[in-house]
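Architecture at a glance
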Amino acid sequence: MSRNRRAKIVATLGPASSSPEMIRKLYDAGVDMFRLNFSHGTHEDHRARYEAIRAVEREVGTPIAILQDLQGPKIRLGPLEGGKRELTNGSTVRFVCEKTAKGNDLPLPHKEVFDAIVPGNQLLIDDGKVRLSATGVGEGYIDARVIAGGIVSDRKGVNLPDTILALSPITEKDRVDLAFGLELKNITHVGANGDGQTTKVANQIIVALNIEAVAEALIFASKAGADPAKVRQALMGGFASSRILEVHGERMIKRTFDPGFRIELHQKDLNLALQGAKALGVALPNTAMAQELFNTCAANGGKAWDHSGMVKALELMANHAVAGKK
């Protein structure tokens, strides 16, 4: 199904919308991308949703995007006496840096908040339904005036839009979830899984072979005594023009191989291509050669180079570096 529109529709999958039948209905209704919210659910829940989306993808013959939304750091209240409390407009509330609190205090067990907040900064509770403004800060406490009241309860989220916190934006949970997402991303058996995954691997084959072609052309031009920068500029005006020649050709000439897209990641994609081709009985000789060039780079300390660094492996074979630099 081809959709000729610029606006894209993203749908978040939850318990009520995760069955294969519902995902197909959502796709037929116009959804272009499905969001997996890693603030909730187990890895197995998300794996089941992923597989259901890929099943729909195979049915409709069109790539379907999946968005992995990581939780990130969360600031939450601790448990309250009685489980909830009503805050009235204009009243004063004290937050304490404790896991639990007695009386009318609100527990906020996040020392980084107390270290960073200053009077005048906002505290938004429960997605902003309740708003407060800090009026005083001391050792282990924050006094705040209620601007917009309401009921707060155990473990509600607290947002501090004016306060810069000494927190990493990526938590340990995020790292585990991201590794899981990358594992899903790389479950690719050409012809057996979703067309979107097959398209991704095919794209990486084309990119690798184009990088190899640009590298060979620039090495040839440099060895022949021409200025590779001028040759690249001339090629950009003809049929050889491409984004690979424009971006990666410039990297090769200027010797800027900071990532970018790391060689070790491109190696993983080409491994998937070669494994899938072997299972299908298809020969990919040029892809295998590109992988060997990436392997040479990795063996020479280049796993973290941008994939345009493939030129260095070809330079070793030619005993000549682009622009005459060894």
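Just above sits the structure.
Sequence order as written defines residue numbering, which begins from 1 separately in each chain. Only residues with pLDDT of at least 70 are given local features in this predicted model, and only at 80 or more are side-chain atom pairs given and counted; all residues enter the totals for whole chains, interfaces and linings. With hydrogens and water excluded, all non-hydrogen atoms of the structure serve as input to the side-chain values.

1. Re the environment of F34
So the rule is basically this: The numbering of helices and of strands both runs from the N terminus, where a helix is a DSSP run of H or I of at least 4 residues and a strand a run of E of at least 2. In what follows, residue pairs with any heavy atoms lying within 4.5 Å of each other are defined as contacts.
Within the fold, F34 resides in strand 2 (residues 33-37). When the C-alpha atoms of F34 and G72 are compared, they prove to be 19 Å apart, with 38 residues separating the residues in sequence. Here F34 is in contact with A11, L13, I23, L26, Y27, I53, I64, A65, I66 and L67, once residues within four sequence places are set aside.

2. Some details on the packing of helix 6 (residues 228-235) against helix 7 (residues 243-254)
Here is the rule we go by: Structural elements are reduced to axes, namely lines fitted to C-alpha atoms, with helices fitted over the stretch in contact, and the angle between N-to-C directions of any two is expressed from 0 to 180 degrees. The scheme is simple: roughly parallel for angles under 35 degrees, roughly antiparallel for over 145, roughly perpendicular for 65 to 115, oblique for anything else. Any residue that is not Ala, Val, Leu, Ile, Met, Phe, Trp, Tyr, Cys, Pro, Asp, Glu, Lys or Arg is counted as polar, Gly included; the first ten are nonpolar and the last four charged.
Relative to each other, helix 6 and helix 7 sit at 175 degrees, their axes nearing to 10 Å. By the angle between their directions, the pair helix 6 and helix 7 is classed as roughly antiparallel. Note on element contacts: helix 7 touches helix 6 through L245, E246, G249, E250 and I253, opposite P228, A229, R232 and L235. Looking at side-chain class alone, the contact of helix 6 with helix 7 contains five nonpolar, one polar and three charged residues.

3. Quick word on the sheet that holds strand 1 (residues 10-13)
Threshold: Note on pairing: two strands pair once DSSP finds at least 2 bridges between them.
The three strands are arranged 1-2-3 in an open sheet whose pairing can be described as parallel. With one partner strand each, in any of the chains shown, strand 1 and strand 3 (65-69) form the two edges of the open sheet. Each strand axis lies, on average, 30 degrees off the axis of its neighbour in the sheet, ignoring direction. Here strand 2 runs beside strand 3; their pairing, made up of five bridges, is parallel.

4. Regarding the nonpolar core
Put simply, the rule is: Buried Ala, Val, Leu, Ile, Met, Phe, Trp, Tyr and Cys residues that are joined via side-chain atoms within 4.5 Å together make up what is termed a nonpolar core. Categorising residues by exposure relies on relative accessible area from a 1.4 Å probe, with only protein chains included: less than 20% of the type maximum marks a residue as buried, more than 50% marks it as exposed, and the intermediate range marks it as partly exposed.
Judged by nonpolar contacts, the single largest core of 28 residues is most densely connected at M252 and V311. When residues of this core are traced back to their parent elements, those giving at least two are helix 5 (195-223), helix 7, helix 8 (263-280), helix 9 (285-299) and helix 10 (310-318). When residues in this core are grouped by element, the largest group, nine residues, is from helix 5. Residues within four places of M252 in sequence aside, it is in contact with I211, V214, A215, L218, F257, S308, V311 and V322. Of all hydrophobic cores here, the second largest spans 22 residues; its members include V93, L106, I125 and V146.

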